[in-house]
Amino acid sequence: RRRPVIAIDGPAGAGKSTMAAHLARRFGFLNLETGAMYRALALKAIDADIDFTDESALMELAEQTRIGLEPQREGNRVFLDGVDVSRRVRDTDVTSAASRISVHPRVRAWMVDLQRVMGKQGGVVMEGRDIGTVVFPDAEVKIFLDAAPEVRGGRRYLQVGPSVAAKPEEAIIKELKERDERDRNRAESPLRAAPDAVTLDSTELTLDEVLSRAEAIVREHV
Ligand code: C5P
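The structure reproduced in this document is the subject of the present report. Everything numeric in this text was worked out from a predicted model, so none of it was measured.

**Some words on the site of the ligand**
Taken together, the neighbourhood of the ligand is formed by 15 residues, with R39, R108, D130, R179 and D183 sitting nearest. Compared with its free state, where it exposes 450 Å², the ligand has 96% of that area covered by protein. If one sorts the elements of the shell around the ligand by residue count, helix α2 (residues 34-47) sits on top with 4 residues.

In structure tokens:
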């Protein structure tokens, strides 16, 4: 029997990465951020000047691409064809491109195959949009982390730093909403809670409260 898989899904800016890193440290699991993989392929598509709506061209690109995740204490380092692109993939152009390329069924299938290989031994906290529904529908623990868009945007704004944020808070909230809408409305693997997921809404909770609830959920199942 494999070690447990902890699936964490939810919209952008809900705090999934923070939760995943915390649980991974607490329980000694590897922490894998699947969003970083979509971001890495999106970066390559930008550099190769590929149209984000051209699924065949994106697949041709994917077939020549190696994406690696290296779990750290906080988050993942991301490698694209052996090059560390951890910082670059967080830029807004890559964020938007990742959201656009992730609607394509064949792109998703390619990612899901890789993610299943990465997680098949278990002992992982995997974070994304479709982990509990598609990647590991038999995950031992599934958490769907949600929060009101204004709260998610506000937190993201503080995280980026109001002084260095290129965009005011409202623009960040608008961008999060657009990405969520695309994730929720795509035909392939739309963002939604798995029927057997525990939903945590962090709108009215402090970070400590969210983390201790998540920990309690994991303890029940592990
Ligand atoms: O989680 P993160 O914000 O890094 O993900 C970037 C984008 O990649 C998301 O907006 C989403 O469209 C896509 N994504 C996805 N499925 C996942 C992880 C990310 O579609 N499992």
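**Regarding the side chain of R39**
Within the secondary structure, R39 sits in helix α2. Among buried Asp, Glu, Lys and Arg side chains, R39 stands out as unpaired, with E33 the closest opposite charge at 7.0 Å. Residues in contact with R39, not counting those within four places in the same chain, are V89, R90, V94, T95, A98 and R179.

**Observations concerning empty space enclosed by the protein**
Across all of its chains, the model carries 1 cavity of 30 Å³ or more by this definition. The volume enclosed by the largest cavity comes to roughly 40 Å³. In terms of lining residues, the largest cavity is bounded by A7, D9, G132, T133, K142, I143, F144, R192, A193, A194 and A197. Contributing elements (two or more residues each) for the lining of the largest cavity: β1 (5-9), α6 (131-135) and β7 (141-146). A per-element tally of the lining of the largest cavity places β7 first, with 3 residues. Per-class residue counts for the lining of the largest cavity are 6 nonpolar, 2 polar and 3 charged.

About the cut-offs
- Residues numbered from 1 in each chain as written.
- Predicted model: local features only at pLDDT ≥ 70, side-chain atom pairs only at ≥ 80, totals over all residues.
- Heavy atoms only, no water.
- Near = heavy atom within 4 Å.
- Areas by Shrake-Rupley, 256 points an atom, 1.4 Å probe, with all protein chains shown as cover.
- Helix = DSSP H or I, 4+ residues; strand = E, 2+ residues; numbered from the N terminus.
- Buried < 20%, exposed > 50% of the residue type's maximum accessible area, 1.4 Å probe, protein only.
- Lys, Arg positive; Asp, Glu negative; His and termini not counted.
- Salt bridge = Lys/Arg side-chain N within 4 Å of Asp/Glu carboxyl O.
- Contact = heavy atoms within 4.5 Å.
- 1 Å grid on protein atoms, 1.4 Å probe; cavity = no way out; pocket = protein on both sides within 12 Å on 5 of 7 lines; lining within 4 Å.
- Points joined across faces, edges and corners; volume = space filled by probe spheres on them.
- Nonpolar A, V, L, I, M, F, W, Y, C, P; charged D, E, K, R; others polar.

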